[in-house]
Amino acid sequence: MTTLTLELLTKEAFAPFGDVIQIDGSEWFPINNGTTKRYHNLGRVEVTGEGGLPIISMCRGDAFQLPVEVKMLERHPLGSQAFIPSSGAPFIVVVAPNGADDKPDESQLKGFIVRGDQGVNYHRGTWHHPLVTLGCEGDFIVVDRGGPGHNCDEVQLSQVYLIESAPALA
Ligand SMILES: NC(=O)N[C@@H](O)C(=O)O
Ligand code: NI
């Protein structure tokens with residue numbers, strides 16, 4: 001068993017894996033006669049494959065408590081997948097680049113603690129752990145691919161990675 005240390009989520013650190021959907025630090029322009037700030041194009045929705053279409057869903061994640069065991073990762077080969085908190089719950093994101101064997105490169109496994117005002121948009125094919133809402137139940141808006149075809153590869157990791165702590169959230 002190996003300890004996985006979480007880091008705070010930043011756009012830069014997450015860039016190889018996807019987009020960070022947040023207002024803080026993002027550019028905006030005025031719309032609606034100046035009464036609304038539009039934070040435009042914070043994430044790229046990708047949909048491929050015959051009959052695929054972008055859909056909007058919601059998820060209610062159970063409250064996980066530390067320590068959290070990471071035993072598997074998944075990826076969606078046909079589309080991106082975004083999780084945007086709608087109830088302000090923090091969550092844990094675990095990602096890995098693809099390895100030469102077309103499985104997660106565990107040597108580059110990364111874990112992030114995500115504030116309840118940050119969302120993530122996994123690029124198509126990014127290896128990630130399913131939703132882990134931390135400390136309380138959490139509601140999320142999910143934007144991903146609907147339609148026919150196989151769109152979820154799951155892989156058991158070579159060992160269990162243990163998340164025992166998380167940095168304090170600002
Ligand atoms: N399938 C689904 O809605 N969620 C998972 O893909 C996940 O990443 O949590
Ligand atoms: Ni997923």
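The structure under discussion appears in the preceding block.
Because the structure is predicted, anything quoted here is derived from the model rather than measured. (Residues numbered from 1 in each chain as written. Chains lettered and ligands numbered in written order. Predicted model: local features only at pLDDT ≥ 70, side-chain atom pairs only at ≥ 80, totals over all residues. Heavy atoms only, no water.)

Chemist: Sorry if this is basic, but what is going on with the overall build of the protein here?
Modeler: Counting its regular elements, the protein contains 1 helix and 16 strands. Relative to the compact-globule value of 15 Å for 170 residues, the protein shows a C-alpha radius of gyration of 16 Å, a close match. Overall size of the protein, expressed as C-alpha extent along the three principal axes, is 55 × 45 × 30 Å. A total of 170 residues make up the protein; the buried ones form 42% of that total. Taking the contacts inside the protein whose residues are at least 6 apart along the sequence as the reference set, 83% of them involve residues at least 24 apart. In the form shown here, the protein has an accessible surface area of approximately 8,900 Å², with 51% of it arising from carbon and sulfur atoms. (Helix = DSSP H or I, 4+ residues; strand = E, 2+ residues; numbered from the N terminus. Rg over C-alpha atoms; globule rule 2.2 N^0.38 Å. Buried < 20%, exposed > 50% of the residue type's maximum accessible area, 1.4 Å probe, protein only. Contact = heavy atoms within 4.5 Å. Areas by Shrake-Rupley, 256 points an atom, 1.4 Å probe, with all protein chains shown as cover.)

Chemist: Which parts of the structure should I look at to understand the site of ligand 1?
Modeler: By nearness alone, every residue bordering ligand 1 is listed as Glu74, His76, Gln81, Phe83, His128, Pro130 and Leu131. His76 places a side-chain nitrogen or oxygen 3.0 Å from an oxygen atom of ligand 1. With respect to ligand 1, the backbone of Leu131 contributes an N or O atom lying 3.0 Å from an oxygen atom. Isolated, ligand 1 exposes 270 Å² of accessible area, and the fraction of that covered by the protein chains is 70%. Grouping the amino acids of the shell around ligand 1 by side-chain chemistry returns 3 nonpolar, 3 polar and 1 charged. (Near = heavy atom within 4 Å. Polar contact = N/O pair within 3.5 Å; in protein donor to acceptor, adjacent residues only side chain to side chain. Nonpolar A, V, L, I, M, F, W, Y, C, P; charged D, E, K, R; others polar.)

Chemist: Is there a simple way to explain the coordination of the nickel ion (ligand 2) in this structure?
Modeler: Octahedral metal centres with six donors ideally show angles of 90 or 180 degrees, and tetrahedral centres with four donors ideally show 109.5 degrees. Of the protein atoms, only Glu74 (OE), His76 (NE2), Gln81 (OE1) and His128 (NE2) coordinate the nickel ion (ligand 2), at distances of 2.1 to 2.2 Å. Around the nickel ion (ligand 2), the 6 donor atoms sit at angles spanning 75 to 172 degrees, and that spread fits a shape best called octahedral. Donor residues binding the nickel ion (ligand 2) come from one chain and are separated in sequence as E-x1-H-x4-Q-x46-H. Remark: His128 occurs in strand β13 (residues 127–128) and Glu74 occurs in strand β8 (residues 68–75); sequence separation between them is 54 residues. Each member of the pair, Glu74 together with His128, is buried. (Donors = N, O, S within 2.8 Å, 3.2 Å for Na, K, Ca; no water. Tetrahedral: all angles 85-135°; square planar, octahedral: opposite > 155°, others 65-115°.)

Chemist: Would you mind going over the pattern of salt bridges with me for this structure?
Modeler: Should their charged atoms come close, side chains of opposite charge can pair. The tally for this structure, following the rule as stated, stands at 9 salt bridges. The partner of Lys110 in a salt bridge is Glu7, with the nearest N and O atoms 3.1 Å apart. Here Glu7 lies in strand β2 (residues 6–8) and Lys110 lies in strand β11 (residues 110–114), a separation of 103 residues in the sequence. Its relative accessible area of 25% is what places Lys110 among the partly exposed residues. The exposure class assigned to Glu7 is partly exposed, which follows from its relative accessible area of 29%. Among the charged side chains, a network of salt bridges with common partners joins Asp24, Arg115 and Asp117. (Salt bridge = Lys/Arg side-chain N within 4 Å of Asp/Glu carboxyl O.)

Chemist: What should I look at first to understand the packing of aromatic side chains in this one?
Modeler: In this description, an aromatic ring pair is defined by two values, namely the gap between the centres and the angle between the planes. For the structure on display, the rule yields 6 aromatic pairs. Ring geometry for Phe83 versus Phe140: centroids 6.5 Å apart, planes at 80 degrees, classification edge-to-face. Pair noted here: Phe83 is in strand β9 (residues 81–85) and Phe140 is in strand β15 (residues 138–146), with a separation of 57 residues, a long-range link. Summarising the burial analysis for this pair, Phe83 and Phe140 share the class buried. Taken together through their ring pairs, the aromatic side chains of Phe14, Phe17, Phe83, Phe91, Phe112, Tyr122 and Phe140 make up a single cluster. (Phe/Tyr/Trp six-rings, centres within 6.5 Å; stacked < 30°, edge-to-face > 60°.)

Just geometry here; none of it tells us what the structure is for.
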